[in-house]
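# Structural overview
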Amino acid sequence: MSVKIGLVGTGTVGGGCIDIIQKHRADFQRHFGVDIELVRVCSLNSAEAEAHGVGDLFTDNFHEILEDPTIDIVIELIGGTTFAKTVVIGALEAGKNVVTANKALMATYGQEVMEAAAAAGKEIAFEASVGGGIPIIDPLKHSLIANEITSVMGIVNGTTNYMLTRMADNGMDYAEALKEAQDKGFAEADPSADVDGLDAAAKIAILASIAFNSRVTLGDVYVSGITSISPVDLEAARDMGYVVKLLAIAHRREDGVDVRVHPTMIPVDHQLATVNGVYNAIYVVGDFVGETMFFGAGAGSGPAASAVMGDVLEVARHVQQGVAPIVGCTCTDDLPILPMDDLEMKYYIRFTVTDRPGVLAAMTSVFANHDVSVHSVVQRGHGQQGAVDVVYVTHTARESAVRAVMDEIASLDDVLQGTPSLIRVEE
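As the structure is a prediction and not an experimental result, all values here were calculated from the model.

Each helix and strand counted, the protein has 14 helices and 17 strands in total. The globule rule puts the C-alpha radius of gyration for 427 residues at 22 Å, and the 24 Å found for the protein is close to it. Its C-alpha atoms give the protein principal-axis dimensions of about 80 × 45 × 35 Å. Relative to all contacts within the protein whose residues are 6 or more apart in sequence, the contacts with residues 24 or more apart total 72%. Total accessible area on the protein stands at roughly 18,200 Å², and carbon and sulfur atoms take up 49% of it. Averaging the coordinates of the 28 positive side-chain charges in the protein and doing the same for the 57 negative ones gives two points 4 Å apart.

What follows is the structure, given as structure tokens:
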């Protein structure tokens, strides 16, 4: 008996899934005893289906998949949170298992999707929603569940990691690095979801929910992107023994969950410091397993399709064997999300100022007025065109106090207009 598949979305990842089925279907049957059969493909573009040799399976009406009683598993690969939600919830309510790569959907409506799956007695699998081809959802839901997970921290966006790598290694400024990433196909024409940190925020919301068994949604995540980072910041970090990465961070504290995305300085000997280019890595700490790290390609048709099809094969095995869903929603705790203003850590702050006497003293007094202790202050540059960069590194300080310092200093006459650079230091 074959397990019948309906695919919604024939773009980059959908095309990769079709290719995997065509290339390895016989291997899956021989090795695992699972025969998966693609019986219907839905999208708005028949040419994409034809390009992968499945034009005869094409439909532009997703209801044909949801209403087909023979289809066991629906793969949703269209993205977004509107039409995709209709497809996913509709498929579950129609008694079909669902595999999705949709991070935005699971980060925003994960609870509703999970509840729909539980009500239908069907599975919802979403390994490809985080980390591309890196296995991380399944280890958190299975291999590591004997642990209390205390931290999940990672580089989960290849576009920004590529840009920061090029800026650090080759001295590119932000605009140059972005253009190169777009030319190479690593960044979209509208890169805001990546460079503003929203893509990473959706992913850490999913990971935190699973790791801490508590509901974390996209709106709970503090987000700051890389648009104000310059080569000056990366050089300063290197001089201090750090590298800068856009990190997605979730810590389980005694009083709740600390979850955020922002540029972060990490020591050069940290496991994440050497993850460069478009690669992703996710670092997980458990009370018994200790430190673990998952590394690999975080995007692209091959890695993402690999994760999707891994889910499909696992669910197909359960369908063939008549196995009920093994792990559904585990969000049994209700941990509060800790306010960003209460965060306490070290901070790197850079201002561009007029190069003249008295400026440094005026700025330093502001730190003292807000009880923010300064560890070091360095002037970088040689006063070209009458301006220099002044870099402060604080001792451990409170986020709200640091923000007050930045606002007050930004209002000083000798501080040049523009966004100061703020990078948190994660030891």
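Moving on, there is more to tell.
One pass over the full model with this rule turns up 22 salt bridges. Notably, a salt bridge pairs K4 with E37, separated by 3.7 Å at the nearest N-O pair. Highlighted residues: K4 in strand β1 (residues 3-8) and E37 in strand β2 (residues 36-42), separated in sequence by 33 residues. For K4, a relative accessible area of 23% translates into the label partly exposed. Residue R260 is joined to E426 by a salt bridge in which the shortest nitrogen-to-oxygen separation is 3.6 Å. Of the two residues, R260 sits in strand β10 (residues 256-267) while E426 sits in the segment after β17 (421-425), which places them 166 residues apart along the sequence. Of the two residues, R260 and E426, both sit in the buried class. One connected set of salt bridges, linked through shared partners, spans R253, D258, R260 and E426.

Turning our eyes to something else, we now look at the packing of helix α7 (residues 158-170) against helix α8 (residues 174-183). Closest axis-to-axis distance for the α7/α8 pair is 9 Å, and the angle between their directions is 130°. Regarding the angle of α7 to α8, the classification is oblique. Relative to α8, the crossing made by α7 is right-handed. Side by side, α7 and α8 meet where Y162, M163, R166 and M167 of the first sit next to Y174, A177, L178, E180 and A181 of the second. Residue composition of the contact of α7 with α8, by class: 7 nonpolar, no polar and 2 charged.

For the rest of this paragraph, the subject is the nonpolar core. Counting 79 residues, the largest nonpolar core has I124, I136, I204, L207 and V284 as its most contacted members. In terms of residues, this core owes the most to one element, helix α10 (residues 198-212), which gives 11 residues. Residues V99, V308, V315 and A316 belong to the second largest nonpolar core, which totals 29 residues.

Time to look at unusual backbone geometry. You will see that N213, though not glycine, has its phi angle at about 55°, which is positive. Here N213 is to be found in the loop between α10 and β8 (222-223). For N213, a relative accessible area of 26% corresponds to the partly exposed category. Here D371, not a glycine, exhibits a phi torsion of approximately 60°, which is positive. Summarising the element assignment, D371 is placed in the loop between α13 (359-369) and β14 (374-380).

Moving on, we come to the packing of aromatic side chains. One pass over the full model with this rule turns up 5 aromatic pairs. Geometrically, the ring pair formed by F62 and F83 is edge-to-face, given 4.9 Å between the ring centres and 80° between the ring planes. Pair noted here: F62 is in the loop between β3 (58-59) and α3 (63-66) and F83 is in helix α4 (residues 83-93), with a separation of 21 residues, a long-range link. Judged by centre distance (4.9 Å) and plane angle (65°), the rings of Y162 and F186 are edge-to-face. Here F186 lies in the loop between α8 and α9 (192-195) and Y162 lies in helix α7, a separation of 24 residues in the sequence. The side chain of K85 reaches across the aromatic face of Y109, ending 4.0 Å from its centre.

Here is what the cut-offs are and how they apply
- In every chain, residue numbers begin from 1 and rise along the written sequence.
- Owing to the predicted nature of the model, reporting of local features is limited to residues with pLDDT of at least 70; listing and counting of side-chain atom pairs is limited to 80 or more, with chain, interface and lining totals taken over all residues.
- The side-chain numbers reported here are obtained from all heavy atoms of the structure, hydrogens and water having been left aside.
- To qualify as a helix, a DSSP run of H or I must reach at least 4 residues; to qualify as a strand, a run of E must reach at least 2; elements of each kind are numbered from the N terminus.
- The atom set for the radius of gyration is the C-alpha atoms, and the globule formula is 2.2 Å times the number of residues raised to the power 0.38.
- Should any heavy atoms of two residues lie within 4.5 Å, those residues are considered in contact.
- Working definition of accessibility: Shrake-Rupley area with a 1.4 Å probe, residue cover restricted to the visible protein chains.
- For this count, His and the chain ends are skipped, Lys and Arg are scored as positive, and Asp and Glu as negative.
- Note on charges: their place is set at NZ of Lys, CZ of Arg, CG of Asp or CD of Glu.
- Counted as salt bridges are all cases of a side-chain nitrogen of Lys or Arg within 4 Å of a carboxyl oxygen of Asp or Glu.
- Here the term buried applies to any residue with accessible area under 20% of the maximum for its type, exposed to any over 50%, and partly exposed to those in between, with areas from a 1.4 Å probe on protein chains only.
- Each axis is a line fitted through C-alpha atoms, and for a helix only the stretch in contact is used; angles between axes span 0 to 180 degrees, taken between their N-to-C directions.
- Oblique is the label for any angle not under 35 degrees, not over 145, and not in the 65 to 115 range, which are roughly parallel, roughly antiparallel and roughly perpendicular in turn.
- Helix crossings get a hand from a simple test, with the near helix turned counterclockwise from the far one by less than a right angle marking a left-handed crossing and a clockwise turn marking a right-handed one.
- Each residue is assigned to one class: nonpolar for Ala, Val, Leu, Ile, Met, Phe, Trp, Tyr, Cys and Pro, charged for Asp, Glu, Lys and Arg, and polar for all the others, Gly among them.
- The term nonpolar core refers to a set of buried residues drawn from Ala, Val, Leu, Ile, Met, Phe, Trp, Tyr and Cys, joined through side-chain atoms within 4.5 Å.
- Classification of ring pairs uses Phe, Tyr and Trp, with its six-membered ring standing for Trp, and accepts pairs whose centres are within 6.5 Å; under 30 degrees between planes counts as stacked, over 60 as edge-to-face, and the remaining range as tilted.
- Geometrically, a charge over a ring is one whose NZ (Lys) or CZ (Arg) sits within 6 Å of the ring centre while staying within 35 degrees of the ring normal.

Bear in mind that shape data such as this cannot, by itself, settle questions of function.
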